[in-house]
Amino acid sequence: MDILERMPWMAQNAVFKRLSEIAEVASLNKDERRKYDESLRAYRDTIAVMNGQFQQGEQKGRVEGRAEGRAEGNIEGRTEERFDIARKMKQKGMAAEVIADITSLTAKEIEEL
């Protein structure tokens, strides 16, 4: 009781509320207790299914995000490679029209290299 008195009021209230819930369940007759247990089991099953679905959705999102990131990375890599090739071609003195034709870059992009 000494510990209970030192607890803040909100904590005391929570303790008494929980004790009240336990007492209510303990005072149920056999049929009421069976129904209570069934509803509690159904509630817990629902929560478990919801958590499972959430985790599956989270995992699916990660997979999709990785795939999207790879695709974007591949596109960026290819674009960067085209610019690297165009730079080398420009350093070798090739004409901008030829570079544009080979790399599919615009004349403006080639000029900016």
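Throughout, a residue's number is its position along its own chain's written sequence, starting from 1. Reporting of local features is limited, given that this is a predicted model, to residues whose pLDDT is at least 70; pairs of side-chain atoms are given and counted only at 80 or more, and all residues count toward the totals for whole chains, interfaces and linings. Note: side-chain values were computed over all heavy atoms of the structure, leaving out hydrogens and water.

Draft legend 1. Geometry of unusual backbone geometry. At Ser 104, a residue that is not glycine, the phi angle is positive and equals roughly 65°. For helices the rule is a DSSP run of H or I covering at least 4 residues; for strands it is a run of E covering at least 2, with both sets numbered from the N terminus onward. For Ser 104, the position within the fold is in the loop between helix H4 (96-103) and helix H5 (107-111).

Draft legend 2. Spotlight on a nonpolar patch on the surface. Patches in this entry comprise residues that are over 30% relatively accessible and not in a salt bridge; like charges within 9 Å are linked, as are nonpolar side chains (Val, Leu, Ile, Met, Phe, Trp, Tyr) within 5 Å. Reported accessibility uses the Shrake-Rupley method at a 1.4 Å probe radius. Residues are deemed covered only where the shown protein chains occlude them. Definition used for salt bridges: Asp or Glu carboxyl oxygen within 4 Å of a side-chain nitrogen of Lys or Arg. Taken together, the side chains of Phe 16, Leu 19 and Ile 22 present a nonpolar region at the surface, about 280 Å² in accessible area. Note on placement: Ile 22 falls in helix H2 (residues 9-26). The cut-offs for exposure are 20% and 50% of the maximum accessible area for each residue type, with area from a 1.4 Å probe on protein chains only; residues under the lower value are buried, those over the upper are exposed, and the others partly exposed. Taking relative accessible area as the criterion, Ile 22 reaches 42% and is therefore assigned partly exposed.

Draft legend 3. Layout of the environment of Tyr 36. Position of Tyr 36 among the secondary structure elements: in helix H3 (residues 30-91). By relative accessible area, which is 31% here, Tyr 36 ends up partly exposed. Distance from Tyr 36 to Val 25, taken between C-alpha atoms, is 8.1 Å for residues eleven residues apart in sequence. Every residue pair with non-hydrogen atoms within 4.5 Å of one another is taken to be in contact. Look past the residues within four positions of Tyr 36 in its chain and what remains in contact with it is Val 25 and Leu 28.

Draft legend 4. Molecular detail of the pattern of salt bridges. Under the criterion given, the structure shown has seven salt bridges. Among the ionic pairs, Asp 31 bridges to Arg 34, the shortest N-O distance being 2.7 Å. Here the residue Asp 31 and the residue Arg 34 both occupy positions in helix H3, the gap between them amounting to three residues, near one helical turn. Under the relative-accessibility criterion, Asp 31 is labelled partly exposed at 35%. Between Lys 35 and Asp 31 there is a salt bridge, and its shortest N-O distance comes to 3.6 Å. Of the two residues, Lys 35 and Asp 31 both sit in helix H3, four residues apart, roughly one turn of that helix. The exposure class assigned to Lys 35 is partly exposed, which follows from its relative accessible area of 48%.

Draft legend 5. Summary view of H3. Here H3 is 62 residues long and its end C-alpha atoms lie 90 Å apart, about the 92 Å a rise of 1.5 Å per residue gives. Regarding H3, the residues found buried are Phe 83, Ala 86 and Met 89. In this structure, the buried residues of H3 make contact with H4 and H5. Put simply, Asn 29 is the residue that caps the front of H3, since its side-chain oxygen is 3.1 Å from the backbone nitrogen of Asp 31. Phi turns positive one or two residues past the end of H3, at Gly 93, with a value near 85°. The span one expects for a helix is its residue count, reduced by one, times 1.5 Å. Counted as a polar contact is a pair of N or O atoms within 3.5 Å, where, for protein atoms, one must be capable of donating a hydrogen and the other of accepting one, and residues adjacent in sequence contribute only when both atoms are in side chains.

Draft legend 6. Just the packing of H3 against H4, in detail. Interaxial angles span 0 to 180 degrees and are taken between N-to-C directions of axes, which are lines fitted to C-alpha atoms, for helices over the stretch in contact. In contact at an axis separation of 10 Å, H3 and H4 are set at 155° when each is read in the N-to-C sense. Comparing their axes, H4 and H3 come out roughly antiparallel. You can see that H3 and H4 cross each other, and the crossing is right-handed. Along its contact with H3, which presents Arg 82, Ile 85, Ala 86, Met 89 and Lys 90, the element H4 presents Ile 99, Ile 102 and Thr 103. Split by residue class, the contact of H3 with H4 holds five nonpolar, one polar and two charged. Between 65 and 115 degrees an angle is taken as roughly perpendicular, under 35 as roughly parallel, over 145 as roughly antiparallel, and anywhere else as oblique. It is the rotation of the near helix from the far one that decides the hand of a crossing: anticlockwise by less than a right angle makes it left-handed, clockwise makes it right-handed. Residue type decides the class: Asp, Glu, Lys and Arg count as charged, Ala, Val, Leu, Ile, Met, Phe, Trp, Tyr, Cys and Pro as nonpolar, and the leftover types, Gly among them, as polar.

By themselves these figures say nothing about function.
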